[in-house]
Structure formats: C-alpha cells, structure tokens
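# Working through the structure, step by step
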There are 2 protein chains.
Amino acid sequence: MVFVELIVELLNITTGGNRIAVLSEQTANQIGVHSSDRIRITHGNKSMIAITNLAEHFPNDRIGLFEETEAALGVKGDEVVQVNLASLPESLFNIRAKLRGQRLRGKDIDAIVTDVVERHLSTTEIAAFLTALNIYGLSSAETEALSRAMINTGKTLNFGRGPILDKHSVGGIPGDKTSMLVVPIVAAAGFTIPKTSSRAITSPAGTADRVESLCPVNLSMPEIYEVVKKTKGCLVWGGSLELAPADDLFIQVEYPLGIDPMLLPSILSKKKGIGATHVVIDIPTGVGAKIKTRQEAYTLASDFVDLGKRLGLNIQCALTFGDQPLGYGIGPALEAREALTTLMGQGPPDLREKALSLASILFEMVGVENPRYLAEEIVDSGKALKKMYEIIEAQGGDPKVKPSDLPVGPNVVAVKSSKPGKVLWLSTENIVRIARMAGAPKDKGAGVHLHAKLGEQIRKDGILFEIYAEKTSKLTAALKLANELTPVTLSKKPEEKMVLDIVPEKLTQEKEFIIDR
Amino acid sequence: MVFVELIVELLNITTGGNRIAVLSEQTANQIGVHSSDRIRITHGNKSMIAITNLAEHFPNDRIGLFEETEAALGVKGDEVVQVNLASLPESLFNIRAKLRGQRLRGKDIDAIVTDVVERHLSTTEIAAFLTALNIYGLSSAETEALSRAMINTGKTLNFGRGPILDKHSVGGIPGDKTSMLVVPIVAAAGFTIPKTSSRAITSPAGTADRVESLCPVNLSMPEIYEVVKKTKGCLVWGGSLELAPADDLFIQVEYPLGIDPMLLPSILSKKKGIGATHVVIDIPTGVGAKIKTRQEAYTLASDFVDLGKRLGLNIQCALTFGDQPLGYGIGPALEAREALTTLMGQGPPDLREKALSLASILFEMVGVENPRYLAEEIVDSGKALKKMYEIIEAQGGDPKVKPSDLPVGPNVVAVKSSKPGKVLWLSTENIVRIARMAGAPKDKGAGVHLHAKLGEQIRKDGILFEIYAEKTSKLTAALKLANELTPVTLSKKPEEKMVLDIVPEKLTQEKEFIIDR
C-alpha cells in the first residue's frame, strides 16, 4: 500500500454532494488510483474516504479539496495530509447485485443508505442504483428495509404520548392548498399535527411556499417544538430538518432522470421521523394528476397501507378527484389567500369539501364520533381560522393578516375565450407551465387565477383565467406561452378532430414528475 | 428569460468529463436554475451549454468555470459572459424513454451519443442510460444505431483499398499475448493489419502495456500511417485516437458500476474506425474467462456476426479455451518476453497453437489456400519474428531486442506446494490479484510466472508459480496475498469438501468486469 504526503489546496467551492479530491495524474499513478476510485485521506487522527477526480495540470505535490471534503476532515489550506488507495465500499457490490436483478437483504440496504449519507457513493453509482430500482421494482421487504434505513440515518422529532396525526399528498394537482386547512382543523380539535412540507421543485407552489406568504417556515427543531407546544400544530418546511438525509440525496439524482422509485419509503420515513402515528394519504387521481387511473391509485394505496403496517403506522388513503386544479388560485400568495378565505367560509367549494373530508378521516381514525360534523363545526364556528392565526403568530407571522393583505400581481392580464363553449378539459401541465413562466414559485405574487372550471359554460369573450406576475417581462412571456398552449379546451364534436396523435413523430408523453413530499 | 452578466473565475481543474459551471445560490435563483439544470454561457459569438453546480459561498457576480468549460468557450479569467437558463437537451427525454423500457429510434440514439460527446449530458444521466440498457438489453436495431452513432462521432483511419484485417479478443484470461504473434504473422503474409489495443484497467497487462516493453505505443495518426506503410502492421495504443469518443466516456461510467451493456457496439465501432474489412474475434470461454459457458459464447458470437453484417464487416468468431491463463508469463515484460520467445519457436505450445489458429482463420477469410500451412511456415521460417522486429523498429524501439534484454523482477519469490497432487483448477481471478499486487501493469517487470498448469502433476515442495516485483514491499504484499488466496487448487476427493458455498452469508459471486478492447 503506497502512502503519499500531499499539501492541501482548498478549492472553496462545493460539489453538490460528492466528497471529491483532486489529484494530478502522476500522483494518482503513484498511489495506484483511477478516476472514480476511492482514496483515504488522513489528517492527524481524522480520516475520510473521497472519490478521486484526476486533473491534467494539477501540481504533483498537492491535493485539491472541495468544501464538503474540507469540512468533513477539518483541514486548512497548506496543511499536509496522508493519502492512500482505499478499497471499494461494500455497498457498491450491493448496488452491482441490484443491477443484476438480485433481491437485497436488510443489511445490504443498510450499507447502501449509510454510504449514501456518508457520501461514500458517487452520484453515478446512486443513479445506477435508482435506475435499477425503478426498472425492477422493490419487494415489500426491500421497501421496508429502505424505509427503516432512511429513518435510522435521519433525525427524529418526539412529541410525547398520544396520537400524532399527519396528512400527506402524493402531489400532482396544482392549487392543492388542503394542508393549510387540515392542520388548523385538526389542531383546533385538540390533536397534535406537526406538518412538514416541501417547496416546489417542478410545480408553481409547494405547501412551504404557500405558507411562507403568511409567516416564516424555515424553523429549527427547538422552534418547532415550541410552536407545537403552544398551538398543537405547525406548517413548516421539512427540507432542512434532515429527517431522511439519504432521501434528500436520492431526490437530487432522481430529479433530472424523471424517476421516482422510492416514493413510499421517501414519504413514510419522514412521517416516522416526525413521530406520526396516524396518517391520511391523499392520492389525487385523474388525467390532471400524477396518478392517472383508479387502478394505479388502488395499487399505490394498498402499498402505502402495507408499508405502514410494517413500520407501525396507521394509514388511510383517500383517492381524490384529480382531473383539474383545486380551487381557483395557483401560485404561492394566490393560494394562501384562497386558504384563508376558505377558513373564513367563503372559498371554493371543492377545496372546502376536500379539507373537511381529509380532516374527518383523521378524526375517525382516532375514534371521534361524528367526525364530519366535528370538522364542519370547527370551520363554521371560526375555530379553524382562529387556530390558523395562532399558528401564524407562533411561527413569527402577523396574526391579523387578511387575504387582501397578501400582495399578488401587480401585473395582471386576462385570457379570454374566442368562442362560446363548455369547459371539457383543463391541462394542469400547461397551467403549471404558465404559472411558472409568470414567476411562481420564486415570485410569491405570481401565478394563475382560473375563472372557468370543468363543465362550466363560457360565453364568447368570457374570461378563462388571469395571469398574475410581479414583473411585466414575465407577464408578457407567460401570456405568449398561454396563447401557444391552449390550457383550457372547450367541447368539440368528434367530427371536428378525430386524430389524437401521430406516430412515429413523437415518443409517448413524458410521465409528469412532481415531487411534493 | 433572464440573462445575467457574470465575471469568469477560472478554477484551473478538470472535472473529468462534465462541462460544469459554478454559480452562487442567489445567482442561480435569479436565473431560475436548480443544481443539475443547464445554463447557456455566451461569450462574444461563442456559446455553450454547461451543467450547473451550486456553491454556497461563491461570489454572486461570478461564474466558476472548470477547465473543460473554459477550453470549450475560449474565455479568460475576469472576462464577462452572459448566462441564461437553457432548456433540457432533447436527448435527456430519449434517456427517460429508455428508463421506461421504450425502444429507441435511430435518431434518438444519435441525439444521445452526440450529446454525450459534446458533454451535454451529466455522468448521472449517462449512468442511468447505461443501467437501463444493461437491464433491458438492446435490440439489433438499437445495437446497430449505437455503433453507427459512435463511428460518426469518432475519427477514422483509411488505409486505402484491399482487405484490412484485424483481430480482437473480448478479453478475460490473463497472459493472453496472442495479438503480438497474430499481427506479425498476418503482416508477414503481405496483408494490412493496423492493430490498436487498450491498456489494462482491471487486468495485469493490456496488449498496449505488453508491447510498450518493446517500443513506444502512443503513436499519432500520421505516425500510424507511416508504420503501416512501411511494415503492413502496427501494435499501438488506441486510447488517444478518439475512434469512438462516446465509448471512452461510457467506459468511464461503466467501470465503477461493473456493467458492460455496449460490448458489441464498443468493439465494432472501433474496428470500423480503423477501416477493418475482415475481423476475427477471440472469445475465451471457460471458468477462468469473462464468458463462462459455451451457450453464452455462441450467443455472443452470433450477435457479433449479425452486427458485423449490418455494419458491412466480415466477422468470424473463435471460441477459445478459457479455463486457465495463456502461456506462463503474466505481467507486461514477462508477457513480451514470452511473445518473442514463441516467435523464435521456443514458447509455450498453447500460445503458439492459438496464434496460428487465429491467423489461419483470417487467412481463410481472405481466400488463402492452405491457411494453416501458411501461418506455420511464416513462424517456422522466422519471417514472423523478422516482421515483429520491423514493426518494433518502425514504432521507435530496438530492432535487435532479445527476450532476456527485457528487465523483469528483480525481486522474485517462488510459491511452492505443501503436498503432492494434480492441478485441478487455476483461479485466474486470484492470479490477476496477485500480479497486480506485485505492481503490474504499472511496474512493467512485475507479475506472475506460472510453473504448474491444468492437469500437471506437482510433487511436494514443487514450485506452483513465481512472483516478480520491482519493489520489495510489493513482493511482500503479493506473497502475503498469494498465501491467503490459494490460486492453484490441487485435486481433492469429494469426501474431503462437499460444501461449495453457504447462503445467506454471501451474495453470489461478482461477475468479473474486464475491459480489454
């Protein structure tokens, strides 16, 4: 085994995950490593594994360390470290076994997840693993082992005894602000519901983006304990809590590939991480959602229930109508407005109905009699709104905020129908693209406000939707896109258009990839 | 679309392939990119796509460029560039289609290969593509399209009219120095045989490493033309010729994953690149080789012949004995010695027999009568040795070199048998590990010299093999490994050892991954 002493050169940039060390080709030859082989770097009594990156013009007496490596080793520039060839991690052989289609055992999966979290596996190797999982699928035992490994490598919250309730949507329809109603309804009934949510990646708003229009969402663990102690609920961003750090890294790799093989372990590991005991899972189902058919939805639901049992989680899944956006507002502030308005008793009926239904399911799971009645009473009496204001205040927001206080626009344009007709189809995908082009989720006041929903009659020159933008340039771009895409389809007779698509001009439709965990 | 102007900061290191640009998170937000999204960087009238890498503490007014990006754009430090969000490459959608199991059309594969060569796809995306190909397999049409795309994006050699002969081994048994005999035999018969080979990645010696003990192998295209014009043959390293640059990148990603889904396109694209018309493919078959069973070998052979027809290449495959190493020497100089000795008429019979057989197959393919007789006559008359010296001289080596001139060792240790017996099994895998531990292929004089081969009777204290090393520390390490591994198994009666392996203590044996192209 060849050991060499090298002088540290700090590169002052992050690599976005991998622990990488840069060596000259000559130094690499001396140690016996190739690009993508591992080296062990030792500094005093600390030691770590890094993946090698060969550089042509790098000095032979130096090793370049990116910020991740530097931080893990606690080393300064111009200090000397010892470097030698490290063997391949055992987990890489487990990944290779999965590439050949083999079932993995619990300890194989533990090794992979641990090495992902400790950055011993490169993104290339993680990508191969996730691709193989996506193609072969996972057995129940593998799904359980992955969930447990992700829980064990993550942080946990502990709210003590008694049922801990939670609600989760697998995502997929724009405008779904249901969590902003379910949390205050459940908390107002006296149950604990510490809700963590994600920010939008491919959608115009995640729940964390919506709530951020009202109050801070980037709370620390002690702050979350404080808020939940005061109000029984919270609506915070889960991204920095490290409930399942392996999953955060998996998602980074899955995103460009458009694959999502670990949906169940990803969601349920985080539910276990916050200590949930009873969870309602919303599965929006329909042409506008991630899950297109009932058959798909039932399979997913039964997998959720099964995995829940294995992990000791009480789960009920609700298949919900997913053919169009929920409510009218799409975009962080437009949606926060609508959530508040609905808590005040004046919102869109589909949003109210969905929130009451999901809250009732949770109530029924913990033994409440007349659960639907309780949920309705809590909203209609104003208790849910009061609870929402308590949560907003506890998280550091204004407890007197009115829907009209939330800035939207200010640039607005209405898109009108050139002919009369009944709304036959709303393309959620195209509405998402228009809202994002208008600036959502980054510009909180940007988005789309629908005027026409499924089955509604539109007159000639009637408004189909309005586009809101903070910047005029984005409004122009979004309007241009809206005119190209025709996101709202009015009814047509079959004799007007019989050809649905032409093959081989186009590969089949991309499956939408929506992460809203 | 947001354009920002940023000042270039040169990072003076390579990333090993990807074109990566570093941005601060704030700048990325301003442009609207996430980590792994693409940006377009414009400088004067040049423009290129790079993959974004977000860095936490990077200045907001700067963009960090790695050497690959800097070179592609021709930009200097502190110059200003324009940056905006770029759409995802079309080829990424083709990769996603393959992840869903779809067949790809010719133009989809062209787009992928072109974007691999132009570095528009990240190693993560390439890893997912190769994993999917490895699991789903490739149709004949896909295999052909991949080969053509790799040829079209590579450089080509043109030796004019007349048959251009070539020989290739799919690799797998150590000590296989057959090419060093086939090339001079074929060239001595007056046929053109411009042989390119690889260096060892996982084996103790590639043909390029072996030949390098005798003369330079890193020749430029004009130098290769010169050598082949003079001698009709050459034995050069193909790695820097860019015959199939896409494949060079694929291999980088395949290596840590231990997968090899593109074996056929990878090999035959390079054969087309050098202009070959008639190729004999050696498929070593046996427990010691990459291809373990005849059934596997016949399938591979018929795939080779089929792809050859589609590409206009005349191919014959030879299944060869692969249960043990070829000859006795393993390691660059030990093998070069043995090749010369065999050309002189005194080498191991298995090496001579294999070289004569493969040369005869080529002769027969181009219409020679009595092909075996011709091959034997060329060796026995000394014409093959004379031709080898001509090639060595043309490539810049010593045309009078004798086997004993090649330095081996100088540290040598013999491993002896503790009991008498007949050689039942030689573990090529373990012999490879011992030779590499001794320093091969980097230390040219290092390796293993076998004394016992299959079926031979060994007395107590008889020599099984010798280990050669340039450094005493490596000799010690290799000897230690040899004592642990027992690479030579002497015959045993079944009642002495009935249990072959124990489940579930161990996942099944890794498939060996040997690249020798």
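All figures in this text were calculated on a predicted structure; none of them were measured in a lab.

### Remarks on the sheet that holds strand 14 (residues 421-426) of chain A
All names here are of chain A. Spatially, the three strands line up as an open sheet ordered 16-14-18, and their pairing is antiparallel. Looking at the sheet topology across the chains shown, the edges are occupied by strand 16 (457-458) and strand 18 (488-490). In this sheet, strand 18 lies alongside strand 14 in antiparallel orientation, the contact comprising three bridges. Counted as the bridge partner of W425 is T489 from strand 18.

### Focus: the environment of D115 of chain A
Locating D115 of chain A in the fold gives a position in helix 4 (residues 106-117). Distance in space between the C-alpha atoms of D115 of chain A and D248 of chain A is 14 Å, their sequence separation being 133 residues.

### Points about the sheet that holds strand 6 (residues 80-85) of chain B
All names here are of chain B. The strand order around the closed barrel formed by six strands is 1-5-2-4-3-6, and the pairing between neighbours is mixed. For this sheet, the mean angle separating the axes of adjacent strands, direction not counted, is 45 degrees. Looking at chain direction, strand 2 (residues 20-24) and strand 5 (residues 62-65) are connected through two bridges and run antiparallel. Counterpart to V22 in the pairing with strand 5 is G64.

### Focus: the domain arrangement of chain A
All names here are of chain A. Splitting chain A by domain gives domain 1 (3-85), domain 2 (90-137), domain 3 (165-238 + 270-403) and domain 4 (408-491). The interface of domain 1 with domain 2 comprises seven residues on the first partner and four residues on the second. Among the residues forming the side of domain 1 that touches domain 2, the class breakdown is two nonpolar, three polar and two charged.

### Concerning the interface of chain B and chain A
You'll often see interface size given as the accessible area lost when the parts meet. Listed per partner, the contact involves 45 residues of chain B and 45 residues of chain A. Secondary structure elements with two or more residues in the side of chain B that touches chain A: strand 4 (46-55), helix 3 (90-99), helix 5 (123-136) and helix 10 (245-257) of chain B. If one sorts the elements of the side of chain B that touches chain A by residue count, helix 5 of chain B sits on top with nine residues. Partitioning the side of chain B that touches chain A into residue classes produces 20 nonpolar, 19 polar and six charged.

### Re helix 5 of chain B
Spanning 14 residues, helix 5 of chain B covers 20 Å between terminal C-alpha atoms, matching the ideal 20 Å at 1.5 Å per step. A positive backbone phi angle near 80 degrees is found at G137 of chain B, which sits one or two residues after helix 5 of chain B.

### Things to note about the relation of the copies chain B and chain A
Least-squares fitting of chain B to chain A yields an RMSD of 0.1 Å, with the transformation described by 0.0 Å of translation along the axis and a rotation of 180 degrees. Expressed as an axis order, the relation between the two copies is that of a two-fold axis. In this assembly, 100% of the residues forming the interface of chain B have copies in chain A that are likewise at the interface, indicating an isologous arrangement.

### Thoughts on the packing of helix 7 (residues 179-188) of chain B against helix 13 (residues 332-343) of chain B
Residues and elements named next belong to chain B. As a packed pair, helix 7 and helix 13 sit with axes 9 Å apart at the nearest point and diverge in direction by 40 degrees. The orientation of helix 7 relative to helix 13 falls into the category oblique. With respect to the hand of their crossing, helix 7 and helix 13 are arranged in right-handed fashion. Listed contacts from helix 13 to M180, L181 and P184 of helix 7 are A339, T342 and L343. Class assignment for the residues of the contact of helix 7 with helix 13 results in five nonpolar, one polar and no charged.

### Topic: the environment of T123 of chain A
All names here are of chain A. Note that T123 resides in helix 5 (residues 123-136). Under the C-beta neighbour-count criterion, T123 is labelled buried, with 22 such atoms within 10 Å. Measuring from C-alpha to C-alpha, the distance between T123 and I267 comes to 22 Å, with 144 residues separating the pair along the chain.

### Some thoughts on helix 7 of chain B
All names here are of chain B. Among the 10 residues that make up helix 7, 10 are buried, leaving the element largely enclosed by the rest of the structure. Taken residue by residue, helix 7 has S179, M180, L181, V182, V183, P184, I185, V186, A187 and A188 as its buried positions. Downstream of helix 7 by a residue or two, G190 has a phi angle that is positive, lying close to 95 degrees.

Here is what the cut-offs are and how they apply
- Residues numbered from 1 in each chain as written.
- Chains lettered and ligands numbered in written order.
- Predicted model: local features only at pLDDT ≥ 70, side-chain atom pairs only at ≥ 80, totals over all residues.
- Pairing = 2+ DSSP bridges.
- Helix = DSSP H or I, 4+ residues; strand = E, 2+ residues; numbered from the N terminus.
- Axes fitted to C-alpha atoms, helices over the stretch in contact; angles between N-to-C directions.
- Domains from an automatic or database assignment.
- Contact = placed C-beta atoms within 7 Å.
- Nonpolar A, V, L, I, M, F, W, Y, C, P; charged D, E, K, R; others polar.
- Expected span 1.5 Å × (residues − 1).
- Least-squares fit on C-alpha atoms with pLDDT ≥ 70 in both.
- Parallel < 35°, antiparallel > 145°, perpendicular 65-115°, else oblique.
- Left-handed = near helix turned anticlockwise from the far one by under 90°.
- Buried ≥ 20, exposed ≤ 12 C-beta atoms within 10 Å, placed from the backbone.

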